[in-house]
Amino acid sequence: MASIKDVAEAAGVSIATVSRALSGRGNVSATTLAAVRRAAHELDYVVSASASGLASGRTRNIGVLVPMINRWYYASVLEGISAALMREGYDTTLYQLSKEVDQREKVFSDFLLRQRVDAVIAVNVELGEAEMKALHALDKPLVGVGGPLPGAPTLFWDEEAVAALATEHLIALGHTRIAHIGGSQETDQDFHLPTRRRAGYERAMREASLPVDDRLYLGADFSMAQGYQAAKQLLGHPVNRPTAIFAASDEMAIGAMLAARDLGLQLPHDLSVIGIDNHELADMFGLTTIEQRPHQQGETAVAMLLRTIRGLEPAAGHPIEHRLIVRSSTTRPPA
């Protein structure tokens, strides 16, 4: 394997010049830069990340904190983060934060220090005061996605407003018996997303002078399977069957659509369904939804982070854009 000394000899320059040319730090003439790059290419020279990190104080490694990875939203955000970091020549180290106190303490007191990350992105993770102090003590840039983090720019979206928009769409079509499939106690953790989406649903109902009926609410775990089970309970009611369902995620909404079909209901004639996400399966199912573009969220978070790493003015936190996408799963209620 070729060394930096071999490249310097082949290009006819000093080792320090090769280091400046390949790292992008320092002034190197265009002629010298071309000679160094040509020599490195011919010798198949690969820059040592560890050596470069020791010299610059940077590791080109970004730590990403997530509460889970087995959900479409988190996988999509991580895909956006990883793709953007890879384009910029950064590695990604993933940390899944559970609610187990000892495990979380190790992440903040040991793992982040051991990996020597240049910065941290927290995806929909609500951090305690001690955890925030530990992150700020690292003196590394920090960006949040999904909820406010004290002292850090954050990408967030108004969960209540998003849920209210979904409910208002159904109300505008003429529905009055609108059920809501929300989150479970297990999912109502970081930033209380299910609670805020339920609040948006209830707000829209009250503003339309419609009653909020607790019998038209069931919690689930944001999965298709539990959305199916919850919808079967709601749609099987002999008296109070809803004409529309607002599900707090597209996966639960798709589960509700499948349950309705298994019960012999015709969508959207007998039942309208709306979700949140614009999941990759939403278009195939004709699901009306509120789009949140998680892949783009990941890329935007990286762009915000790189501004700080490069010494530019830090990006301010701002709300994530969302939009209503109307497909074939919603229509006026049956006469």
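Heads up: the structure comes first, above all this text.
Residues numbered from 1 in each chain as written. Predicted model: local features only at pLDDT ≥ 70, side-chain atom pairs only at ≥ 80, totals over all residues. Heavy atoms only, no water.

### Re the pairing of strand E8 (residues 244-247)
Item 1. Burial along E8 is two-sided: the face carrying Ala244 and Phe246 and the face carrying Ile245 and Ala247 are both buried.
Item 2. Pairing between E8 and strand E9 (residues 272-277): three bridges, direction parallel. Note that in E9 the partner of Phe246 across the bridge is Ile274.
Item 3. Once you follow E8 into helix H11 (residues 250-262) and on to E9, the crossover reads as right-handed. (Buried < 20%, exposed > 50% of the residue type's maximum accessible area, 1.4 Å probe, protein only. Helix = DSSP H or I, 4+ residues; strand = E, 2+ residues; numbered from the N terminus. Pairing = 2+ DSSP bridges. Right-handed = clockwise from strand over helix to strand, strands pointing away.)

### Focus: the sheet that holds E9
Item 1. Strands sit in the order E7-E6-E8-E9-E10-E12 across an open sheet of six strands; the sheet is mixed. Of all strands in the sheet, those bounded by a partner on one side alone are strand E7 (217-220) and strand E12 (323-325). In this sheet, neighbouring strand axes are inclined to one another by 20° on average, regardless of whether the strands run parallel or antiparallel. (Axes fitted to C-alpha atoms, helices over the stretch in contact; angles between N-to-C directions.)

### Observations regarding the nonpolar core
Item 1. Membership of the largest hydrophobic core comes to 68 residues, with the highest contact counts inside it found for Ile62, Ile81, Ile121, Val123, Ile181, Ile245 and Phe246.
Item 2. Considering each element in turn, this core owes the most residues, eight residues, to helix H5 (residues 72-87).
Item 3. Here Ile245 is in contact with Leu170, Ala179, Ile181, Ala231, Leu235, Ala256, Leu271, Ser272, Val273 and Ile274, once residues within four sequence places are set aside.
Item 4. Listed in part, the 17 residues of the second largest apolar core include Leu112, Val117, Leu127 and Met132. (Core = buried A, V, L, I, M, F, W, Y, C linked by side-chain atoms within 4.5 Å. Contact = heavy atoms within 4.5 Å.)

### Remarks on the packing of aromatic side chains
Item 1. Following the criterion strictly, the structure yields one aromatic pair and no others.
Item 2. Each ring, one from Tyr73 and one from Tyr74, has its centre 5.1 Å from the other, and the planes form 80°; the classification is edge-to-face.
Item 3. The buried category is assigned to Tyr74, whose relative accessible area is 10%.
Item 4. Between the NZ or CZ atom of Arg60 and the centre of the ring of Tyr90, over which it lies, the distance is 4.3 Å. (Phe/Tyr/Trp six-rings, centres within 6.5 Å; stacked < 30°, edge-to-face > 60°. Lys NZ or Arg CZ within 6 Å of the ring centre and 35° of its normal.)

Fair warning: the whole summary comes from geometry, so function is off the table for now.
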